[in-house]
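Listed below are the residues making up each chain.
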Amino acid sequence: MGGISIWQLIIIAVIVVLLFGTNKLRTLGSDLGASVKGFKKAMGDDNSKETDNAEKTTNDADFDTKNLAQKTSTEGEQKSTTESKNKEQV
């Protein structure tokens, strides 16, 4: 006797339709469906990425790696060119 009967569910559904309207409920349903579909696709992509990473041997990025000494010398050159540009503007 403590459960919700079918009549109570119908009354709740009628109140929800009166409050929000059928248009709003339709868009809410389509948005919910699209988000579930996107979630399933993302989960599927995640699983395929794990298998692809095991087979993949190339780098993701299109640049060469540099050691720390090369990075600091490059940064120093960039700072000096930036400083000279700032001096020219003044």
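Residues numbered from 1 in each chain as written. Predicted model: local features only at pLDDT ≥ 70, side-chain atom pairs only at ≥ 80, totals over all residues. Heavy atoms only, no water.

**Looking at the overall build of the chain**
Item 1. Helices and strands together make up the secondary structure of the chain, namely three helices and zero strands.
Item 2. Here the chain holds 90 residues, and 0% of them are scored as buried.
Item 3. Accessible surface computed for the chain: about 8700 Å², of which carbon and sulfur atoms make up 59%. (Helix = DSSP H or I, 4+ residues; strand = E, 2+ residues; numbered from the N terminus. Buried < 20%, exposed > 50% of the residue type's maximum accessible area, 1.4 Å probe, protein only. Areas by Shrake-Rupley, 256 points an atom, 1.4 Å probe, with all protein chains shown as cover.)

**Quick notes on the UniProt feature "transmembrane region" (unreviewed entry) in the chain**
Item 1. Here the UniProt-annotated "transmembrane region" (unreviewed entry) positions come out as residues 6-22.
Item 2. The span residues 6-22 carries 94% helix and 0% strand; its end-to-end C-alpha distance comes to 21 Å. (UniProt positions renumbered as here; feature names shortened; annotations may be inferred.)

**Things to note about the environment of Thr27**
Item 1. Mapped onto the elements of the fold, Thr27 is located in helix H2 (residues 22-55).
Item 2. A distance of 2.9 Å separates a polar atom in the side chain of Thr27 from the backbone oxygen of Lys24. (Polar contact = N/O pair within 3.5 Å; in protein donor to acceptor, adjacent residues only side chain to side chain.)

**A few points about the confidence of the model for the chain**
Item 1. Residues of the chain with pLDDT of at least 70 account for 50%, and the chain-wide mean is 75.
Item 2. Mean pLDDT across the secondary structure elements of the chain bottoms out at helix H3 (residues 68-89), with 62, and peaks at helix H1 (residues 6-20), with 93. (pLDDT = per-residue confidence, 0-100.)

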